[in-house]
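Summary of the model geometry
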Amino acid sequence: MNKQVAIWIRVVFVASALVLRAGGFSGIAEDYARVTGPCQLRLPEDHGDHPRHRTEWWYYTGNVTAPDGRRFGYQFTIFRIRLAPPEKEASWPDPSSEWRTSQLFIGHAAVSDVNRKRHLQDQIMARGALGLAGVATAETGVTVFLKRWQAVIGHDRHRIRADSDIFSLDLNLEPVKAPVFHGEAGYSRKGSSPEQASCYYSLTRLRTDGVINVQGTPYTVEGLSWMDHEYSTAPLEPGITGWDWFSLQLSDNTELMFFILRREQGGAHPASSGTFVDPSGTAHHIAVEAMSAEIKDTWQSPGTQAVYPVAWNLDIPTKQLRLRVSANLEDQEMRTSQTSGVDYWEGSVSVTGTAGGRPVVGAGYVELTGYGKAFDAPM
Amino acid sequence: MVLGIALGAAVFTSVRLSIHASLDAFSRSMDLIAGHTDRSLIKPGGRLPETLVAELLRNPAVAGASPVLMAYVHMGGQRANPFLLIGFDPLLDRSFRNWRPAPGSPNDNKMWAELMREPFTLALGAQLAAKHRVTPGDTVILGHSRQQAPFRCVGILDAEGIGMVEGGRIGVTDIATFQEFTGNFGQVDRIDLRMAVGAGDGSDETLQAELPEGVVLARPEEERESGMQMIRAYQLNLSILSFVSLFVGMFLVYSLIALNAANRRSELAILHANGASARQLFLLFLLEGAMLGVGGWLLSVPVGSVIVRYMIQGVSETISTLFVRVHVDRLTLSGWEIALSFAVTLAISLAAAAQPAHAAMKISPKEVMAENPEIERTQSAAGRLGAMGLVAVALVFPLAAIPGPPGLPLPGYLATFLLFTGFSLLSPWCLQLMGRRLANPLRRIGGEPAFLAGRYLSTSGMRTAISVGALITASALFCALVVMIHSFRNTVELWAHQTVSGDVFVTPKMAAINQYRDPIPFDLMQAIQQLDAPADLLPYHRIYLRHRDVMFQFETVDLESFRKHGGFLWVKGEPESAAPAFNRGEGVLVSEVFANLTGLEMGNTFRTRIGEQALNLTVLGIVRDYRTRGGVVFYALAPFNAMFGNPEWGGVRLHLDRSVRDPDRALTALVSDLVALSDGRLDITSGRHLRRAILRIFDETFAVTSILLLIALAVAALGIASTLSVLVLEHRRQFNTMIAVGASRGQIRRLVFWEAMLMVTAGEGAGVLCGFVLSYLLIFVINAQSFGWTFQYRVDWGAVGLSVPLIIGAALFSALPATRLIFRIPPAVLLRER
Amino acid sequence: MPTPDSDPAILAQNLSRIYTMGETRVVGIAGIELEVTAGELVVLKGNSGSGKSTLLSLIAGLDRATAGTLYVAGYDMGSADGAELTRFRREVVGMVFQAFNLLPTLSVEENVCLPALLAGGNGRDIRKRALELLDWLDLEHRRQHVPAQLSGGEMQRTAIARALINDPAVILADEPTGNLDSRNGQIVMELLAELNRRWACTVIIATHSILADPFATRTICLKDGSIKS
């Protein structure tokens with residue numbers, strides 16, 4: 001990898017670290033808008049941005065198949081970070097430049113070419129000014145854009161587009177179920193205090209078609225996607241080393257999301273939780289006590305030496321779910337050079353097991369953060 | 001003696017290394033600034049709208065776009081040394097340029113975010129920070145023509161990429177801060193592009209078609225090339241000058257080998273008689289030449305390393321003053337330069353050794369027996385060479401008239417080479433003639449020694465001729481350069497008084513270095529207009545443009561007002577006939593440099609684009625101009641303002657009314673009024689000061705040249721000294737005979753002095769003659785071909801005259817070691833049995 | 001200081017010339033006792049290295065003795081300074097060399113005139129005297145030629161004319177016939193003898209040749225730097 005690119009990626013990841021661990025270095029930020037209770041989320045308005053909060057992301061993952069049976073996983077995320085609290089704007093020069101903004105947008109996209117065992121990734125960033133990146137709201141919906149990447153969130157369909165030198169995505173997504181508001185009407189606790197929380201909703205089942213281009217070859221694909229939209233100012237509390245996050249879509253038309261906040265001293269933080277979506281689209285909160293996850297296999301990244309779990313046995317007795325989750329590809333690490341430090345694993349997984357005693361299969365995405373020592377790299 | 005060659009080689013190498021270092025520093029700086037840029041968008045004569053960036057980023061042919069703003073600004077009172085401040089978007093720029101905080105910087109990974117988040121923050125290059133003792137967290141005051149403002153330093157740049165631009169004398173800031181500081185809202189100087197991998201050949205044209213009017217897609221190397229082209233002419237001229245010292249060193253090798261051969265004549269005869277082949281003798285001396293060359297070259301390394309330290313400073317300062325800013329932070333020892341200097345030194349030594357080696361080969365083995373070495377038979381050879389010399393000299397002018405490629409004075413240098421060759425070939429014949437004709441008159445002046453010296457000279461052969469040739473070369477150069485520099489200086493002085501007329505010059509702060517991109521701030525312009533001063537205001541615009549590879553300045557002028565106070569120096573065309581069309585805006589006046597570099601002639605159409613406007617204008621006249629950063633095109637102010645609706649001033653000259661009673665006092669009052677209203681945002685220079693500065697820069701520029709000249713002269717004097725030694729050694733027997741028949745030591749000494757005198761006079765005389773021809777070539781051919789300008793021919797008789805005793809004194813001084821030689825062996829040797 | 005004519009033309013007492021070359025000392029001549037009366041024609045004989053030339057160069061004022069005293073025509077050669085020696089060479093001695101040592105750039109006439117011109121005489125008078133000498137030596141037709149155009153005998157006669165131009169009291173000849181054939185050698189010897197006879201010149205000839213013997217008033221043999229009785 002050439003130095004230039006390495007530095008570039010480093011910047012992107014440092015920025016991602018800002019997102020992934022926002023508030024981590026200073027506790028709870030003072031001047032940003034905060035999430036302290038029910039989010040009163042209203043759609044479609046809340047598809048748009050919440051610029052006074054520190055971080056926000058629009059997050060799409062999916063598993064799709066080409067007519068020839070070739071399988072792909074994809075990830076497409078646009079992060080928004082506010083670099084300084086809103087009060088800061090009062091001290092800006094007058095007149096100020098059009099380039100003057102606190103909003104930073106970062107995009108991550110990856111394609112997991114399961115059959116060929118390739119994981120292609122790219123990251124971009126720009127400031128939220130002068131049409132370089134931002135969120136535009138119109139009658140027809142909300143457009144979250146970053147340079148040429150964009151997610152158009154319409155009333156009944158989404159379109160996501162991303163391109164890089166080695167791959168591109170152009171997918172149409174159609175929600176099959178109503179949005180699911182996690183936690184208490186979207187108020188998703190991420191720590192012990194009320195502020196350590198985010199506003200969080202998902203579209204758990206999006207019928208997907210479109211084109212994935214891998215190194216110059218376009219594939220027409222079909223499958224299912226998952227969309228998350230989350231914003232917060234201080235979601236994590238000190239002592240949490242990272243999280244394991246699962247989004248699974250099962251063949252019985254149900255979906256499962258849960259996240260485990262891993263504590264330094266081991267075990268899951270009590271704020272870890274999940275949501276089960278039944279075929280009708282009704283969400284059921286799952287408390288941490290109600291689930292167990294057992295790691296069945298690990299993979300060590302040759303690049304970063306980090307050891308990631310890549311297979312799990314999940315057991316949620318209250319929902320009669322016994323699932324085996326395994327990575328479709330071991331190396332789905334989103335990484336940078338060894339010097340930079342911030343790496344995470346974001347990958348396509350397959351599911352087998354039983355639901356209510358009946359066999360189910362499924363697919364999904366898992367996000368694993370904090371496994372590399374680098375997560376503690378200075379920011 | 002090897003020192004002489006070493007000196008020549010050292011000068012040659014260090015001059016080349018110095019220029020090379022400057023070129024390298026410039027090119028590296030330009031490359032670092034360009035980074036991974038494939039294409040740059042610029043708007044000649046203006047700035048680009050910033051909204052173009054997002055549009056470009058949406059274009060699939062574009063992989064990346066980074067807006068750039070640049071200005072030279074000064075830091076806290078250090079007005080003498082502005083540094084380059086780059087404003088960019090740290091995020092968009094990441095894939096273009098390499099820059100990061102120095103290891104250990106407190107902000108390390110957050111620096112870019114800090115720049116973006118905090119208004120009026122900047123990161124500094126390590127050298128700049130060190131020079132001003134700035135550490136992260138410190139606040140510095142930056143000054144620009146719009147304002148002075150405090151900046152907080154948030155980091156030091158690592159010594160790579162942008163951190164090394166201009167040798168680390170650099171600052172970077174967020175584009176928002178840059179715009180807020182300089183007031184250039186909504187605009188960027190340049191947008192650098194990286195083209196998409198798949199973007200094909202036609203993508204340039206496609207992209208260009210989509211661009212707004214006046215926006216040009218340029219290659220990043222174009223600017224570097226234009227800069228390099230300007231330096232290159234200087235490089236070539238300085239290289240050739242430095243080569244002269246090496247070339248004169250060649251005469252030295254020649255003399256040394258000849259001296260050696262003369263010393264060992266009998267030994268050679270014995271060698272020859274004992275079976276050494278002529279070829280072996282030839283090789284023996286050739287090898288000696290090679291060893292001298294190698295020895296000289298080796299010695300030149302320490303000598304050169306001393307010289308280069310001074311040279312590099314001078315050369316880089318000259319290039320910075322005249323052409324483009326360079327900051328030489330290291331000496332790049334390119335293998336090519338080392339090999340070149342070695343090869344040239346060796347080649348020259350071998351070439352110089354060839355003739356004496358050949359002569360040694362011809363030494364007859366009979367000399368072992370014979371007592372009296374034969375005299376060289378040079379009479380007929382001298383005539384033949386003389387005829388060739390005349391032909392060569394006759395060819396000089398026709399050759400010089402051939403037009404060469406611009407910026408490469410090939411015909412000029414060929415003509416110069418022919419001139420030197422011609423005069424060198426003529427020198428044996430001249431010496432012969434002089435010896436014969438002058439011997440008797442000399443007897444009347446200097447007695448018997450003078451007569452004998454004349455006689456010796458006429459028969460002393462090729463060796464003397466070659467030494468005299470060296471002196472001709474050196475003194476011709478001296479004379480020619482004295483004439484050229486004098487003419488140049490005179491013309492520049494005249495130009496400074498006529499064309500750079502004006503009592504006060506007012507420009508935005510650091511206008512020239514920032515290429516007049518920012519006009520005089522509007523409030524200050526109004527304040528100047530409202531000044532109650534007895535002075536004419538002559539506002540002008542200056543726009544930096546490029547005509548193919550040639551940089552030029554498009555300058556507006558109100559010709560009628562201008563002519564009241566000064567005027568152009570016309571090379572072609574006349575003020576009276578050109579004025580009406582000029583004032584109507586139908587044509588332009590172009591500088592001689594611009595005309596020569598572009599080939600534009602009177603009556604041709606000059607085409608350019610300024611912003612959205614395409615201009616097609618007739619060339620109405622060609623005028624002298626001695627700005628070094630390309631040519632100048634003058635256009636009438638009023639039509640320009642009408643065309644562009646641009647009432648702003650790039651700068652303004654003020655001329656005091658002639659009727660003012662006490663001009664000095666009025667000037668002082670005017671300047672202090674201007675200073676008071678300028679608020680530190682204007683540069684106010686008195687005309688007198690500016691003109692003096694022009695001449696000071698001129699003098700500094702030629703300081704290097706003068707040093708080279710003196711070295712060449714010194715080497716030539718060494719050549720004369722060694723030739724005299726050879727002559728003395730050869731004539732030792734005869735001198736001893738003279739002593740035996742009654743000559744006093746004083747007479748012998750006088751004889752040698754007379755010999756030196758005659759050689760020097762011949763060399764100096766022919767040299768001065770040759771020098772006048774050369775000065776013509778330099779002024780009207782080589783300067784025109786290299787830089788595009790010529791000068792009014794003026795001879796500084798004082799300096800030329802001064803050079804005569806100077807050179808003669810040096811040469812006579814150089815005769816001292818030779819006279820010593822005579823008496824080292826007692827005359828009794830005449831009688832000693834062999 | 002010149003002294004009255006009655007003194008011997010040459011008076012050498014314990015005359016030595018030792019050459020030091022680094023550590024080694026080479027004896028040129030040692031302990032020479034010699035008195036030559038004005039008008040003598042002395043032939044110096046001896047092998048190569050016997051000291052003939054050394055003695056001659058001391059007498060000619062081209063070299064200085066390392067020990068002993070030498071008076072030539074009243075000049076104390078040991079104490080004379082450079083200027084006196086120059087005057088001595090101009091006024092007292094005339095030299096003839098084996099290798100002729102004519103100046104190749106000068107014509108015959110110019111060569112002959114050279115010593116007188118160097119001495120600063122009147123050009124016209126000198127030229128007149130030179131022509132007389134050349135006429136006497138049968139070289140008149142050769143006076144515009146340069147030495148390279150002359151035969152050996154002509155060159156040596158030119159050299160003799162040159163030696164005579166200042167009307168010297170002493171003529172010193174170093175192997176004058178060494179580079180000449182026997183006929184020319186004979187002519188040169190006869191000329192030197194005639195000088196001795198006609199102008200009462202003191203003539204010292206250093207030679208191997210027997211050609212000089214018939215004219216010698218005295219023959220001195222040198223061996224290893226000393227006079228062999």
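Up top you'll find the structure we're talking about.
Residues numbered from 1 in each chain as written. Chains lettered and ligands numbered in written order. Predicted model: local features only at pLDDT ≥ 70, side-chain atom pairs only at ≥ 80, totals over all residues.

1. Quick look at the nonpolar core
If you look at the biggest cluster of nonpolar residues, it comprises 281 residues, and the most contacted ones within it are Leu419(B) and Val170(C). Top contributing element to this core by residue count: helix α23 (residues 745-786) of chain B, with 23 residues. Look past the residues within four positions of Leu419(B) in its chain and what remains in contact with it is Val393(B), Val396(B), Cys770(B), Val773(B), Leu774(B) and Leu777(B). In terms of nonpolar packing, the next biggest core, distinct from the first, is built from 152 residues, Leu104(A), Leu203(A), Tyr308(A) and Leu91(B) among them. (Core = buried A, V, L, I, M, F, W, Y, C linked by C-beta atoms within 7 Å. Buried ≥ 20, exposed ≤ 12 C-beta atoms within 10 Å, placed from the backbone. Helix = DSSP H or I, 4+ residues; strand = E, 2+ residues; numbered from the N terminus. Contact = placed C-beta atoms within 7 Å.)

2. Description of the interface of chain B and chain A
Of the residues lining the interface, 29 residues belong to chain B; the matching set on chain A comes to 28 residues. For the side of chain B that touches chain A, the residue count by class is 13 nonpolar, 7 polar and 9 charged. (Nonpolar A, V, L, I, M, F, W, Y, C, P; charged D, E, K, R; others polar.)

3. Concerning helix α4 (residues 123-136) of chain C
Residues and elements named next belong to chain C. The first and last C-alpha atoms of α4 sit 20 Å apart over 14 residues, in line with the 20 Å expected at 1.5 Å per residue. Listed as buried for α4 are Ala130, Leu133 and Leu134. For α4, the arc enclosing every buried residue in end-on projection is 95°, short of the 170-degree limit, so these residues lie on one face. Those residues of α4 that are exposed and aimed more than 90 degrees away from the buried face are Arg124, Asp125, Lys128 and Asp135. Just downstream of α4, Asp138 is the residue with a positive phi angle, here 60°. (Expected span 1.5 Å × (residues − 1). Arc of directions from axis to C-beta.)

4. Some thoughts on the packing of helix α1 (residues 2-34) of chain B against helix α11 (residues 335-361) of chain B
Residues and elements named next belong to chain B. The contact between α1 and α11 brings their axes to 10 Å, and the two run at 150°. In terms of orientation, α1 lies roughly antiparallel with respect to α11. Here α1 runs over α11; the crossing is right-handed. Judged by residue contacts, Ile5, Ala9, Phe12, Thr13, Arg16, Leu17 and His20 of α1 engage Glu337, Ser341, Val344, Thr345 and Ser349 from α11. Class assignment for the residues of the contact of α1 with α11 results in 5 nonpolar, 5 polar and 2 charged. (Axes fitted to C-alpha atoms, helices over the stretch in contact; angles between N-to-C directions. Parallel < 35°, antiparallel > 145°, perpendicular 65-115°, else oblique. Left-handed = near helix turned anticlockwise from the far one by under 90°.)

5. A few points about the interface of chain B and chain C
Size of an interface, as often reported, equals the accessible area lost when the parts are brought together. Listed by partner, the interface residues are 25 residues for chain B and 31 residues for chain C. Contributions of two or more residues to the side of chain B that touches chain C are made by α13 (410-459), α22 (732-740) and α23 of chain B. The element contributing the most residues to the side of chain B that touches chain C is α22(B), with 5 residues. For the side of chain B that touches chain C, the per-class residue count stands at 11 nonpolar, 7 polar and 7 charged.

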